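Architecture and fold: a report
This is what each chain is made of:
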Amino acid sequence: MHDSTLDRRARIEALVRYLCSPACAGRAPGSPEGVAARARIVDELRAAGAAPGGDDGYLQWVPGCGANVLAEVPGAGPRAGRTIVVAAHYDHLGKVAGGQAFWGADDNAAAVAILVEVGRQLVADALPGPRVVLAAYDGEEQPHFLAGTMGSMYHVAHPTAPLASVDMMICMDLCGHAIGPAALPAAVRDSLFVLGAELSAGTAALVEQAARPGGVHPRRMDLDVVPPLSDYYAFRAAGLPVLFLTCGRWEHYHRITDTPDRLDYRKIDATIDYLARLVQLLRARPDAPALADAARDDAATVATLLTLARHLVPFSPAAGGAVAGLERLAAAAAAGPLSDALRERLAAMVLALEGALG
């Protein structure tokens with residue numbers, strides 16, 4: 001490793017461990033621990049060179065919740081007035097009895113660290129393109145989820161950059177863990193699910209183009225094959241293009257065992273590189289992407305499941321049967337959008353795969 005890589009890895013681990021320390025225990029919105037987490041994120045974004053992007057410096061106060069942390073990488077060139085939002089929520093579920101807490105390393109401290117480091121890279125690159133809003137949202141967890149007190153919902157209702165200028169919103173959630181047991185191949189472990197590319201013209205090609213050998217494997221899926229799961233929802237509901245990056249739920253999801261020692265920091269590092277390239281590709285577009293809100297990408301979802309199932313065949317007898325069923329779905333998807341019945345089957349298979357690998 002070069003020193004710069006070592007330095008970045010040290011920053012990632014230091015931020016994740018602080019956000020999962022007793023000082024920030026559980027990061028519940030409005031709590032002293034949530035305030036401590038917010039202050040550290042402001043310091044990190046300032047140190048990364050990102051400009052204040054909130055209504056009050058780096059903050060946007062959310063009544064009944066807490067505050068979003070918002071920073072900007074200024075735009076430059078003919079499309080400087082356009083906007084790309086890159087986001088990850090920083091709140092979590094708070095404390096439990098006996099001095100324990102829901103530490104939330106994967107949910108969502110790792111994604112906050114990715115957000116900061118992508119911002120640092122964009123500042124250093126200083127390339128022309130739309131402004132990039134770096135949003136660390138409060139209030140993504142219950143009881144705020146999908147309510148007016150959810151930080152991302154409030155941001156869309158009270159935008160700090162014109163909503164009409166937003167070319168893309170990229171949301172990260174659960175991006176810190178390797179997928180499946182250690183014995184599985186890197187093609188599975190290093191997968192990063194990317195949902196929503198079908199919603200805007202040309203985005204799917206950029207999702208693939210940003211990948212590099214030895215990095216994360218972007219696995220495209222249709223956004224609507226899962227229910228609303230994170231902060232992208234508010235932007236999607238406002239009719240804006242979105243991408244959702246996730247490694248899916250795993251055995252430590254919403255448990256006190258979601259701790260920093262269980263994360264895959266090499267994969268987190270690779271995700272930073274991937275996302276920074278993707279954002280720069282999106283910024284380099286000559287025009288705003290055309291929105292295709294009713295679009296579906298059953299073929300990409302089936303292809304992702306089929307690829308993973310084939311990799312799993314040597315490790316799971318059930319994977320062989322899944323391959324056969326997915327091959328039939330792939331043939332149906334190649335002929336056009338799946339029927340509602342087949343789409344329900346596909347959604348069930350997505351959940352089954354998440355459960356098997358989680």
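Residues numbered from 1 in each chain as written. Predicted model: local features only at pLDDT ≥ 70, side-chain atom pairs only at ≥ 80, totals over all residues. Heavy atoms only, no water.

**Some details on empty space enclosed by the protein**
A probe matching the size of a water molecule, rolled over the atoms, marks out where space remains unfilled. Counted by the stated rule, this structure contains one cavity of 30 Å³ or more. Its boundaries defined by the atoms lining it, the largest cavity holds a volume of some 70 Å³. If you trace the largest cavity, you find it lined by T83, V85, V133, H155, P159, T160, A161, L163, V166 and F235. Residues belonging to the lining of the largest cavity are distributed by class as follows: seven nonpolar, three polar and no charged. (1 Å grid on protein atoms, 1.4 Å probe; cavity = no way out; pocket = protein on both sides within 12 Å on 5 of 7 lines; lining within 4 Å. Points joined across faces, edges and corners; volume = space filled by probe spheres on them. Nonpolar A, V, L, I, M, F, W, Y, C, P; charged D, E, K, R; others polar.)

**Structural notes on the packing of helix α2 (residues 32-47) against helix α3 (residues 105-125)**
Closest axis-to-axis distance for the α2/α3 pair is 9 Å, and the angle between their directions is 20 degrees. Accordingly, the angle class assigned to the pair α2 and α3 is roughly parallel. Judged by the twist between their axes, the crossing of α2 over α3 is right-handed. Of the residues in α3, those touching α2 at I41, E44, L45 and A47 are V112, V116 and R120. Here the contact of α2 with α3 is built from residues that sort into five nonpolar, no polar and two charged. (Axes fitted to C-alpha atoms, helices over the stretch in contact; angles between N-to-C directions. Helix = DSSP H or I, 4+ residues; strand = E, 2+ residues; numbered from the N terminus. Parallel < 35°, antiparallel > 145°, perpendicular 65-115°, else oblique. Left-handed = near helix turned anticlockwise from the far one by under 90°. Contact = heavy atoms within 4.5 Å.)

**Looking at the layout of surface pockets**
The calculated volume of the largest pocket comes to roughly 510 Å³. Secondary structure elements with two or more residues in the lining of the largest pocket: β7 (191-195), β9 (242-246) and α11 (340-357). With five residues, α11 is the single largest residue contributor to the lining of the largest pocket. Of the volumes computed, that of the second largest pocket is approximately 290 Å³. Lining the second largest pocket are 16 residues, with L312, A319, A322, L353 and A356 sitting closest to its centre. Taken together, the elements giving at least two residues each to the lining of the second largest pocket come down to α9 (298-312), α10 (317-334) and α11.

**A closer look at the environment of V16**
Along the chain, V16 falls in helix α1 (residues 3-19). Classification of V16 by relative accessible area gives buried; the value is 0%. Residues V16 and Y253, 237 residues apart in the sequence, show an inter-C-alpha distance of 16 Å. With residues near it in sequence (within four places) discarded, V16 still touches A109, A110, A113, P260, L263 and Y265. (Buried < 20%, exposed > 50% of the residue type's maximum accessible area, 1.4 Å probe, protein only.)

These results come straight from atomic positions and should not be treated as a statement about function.
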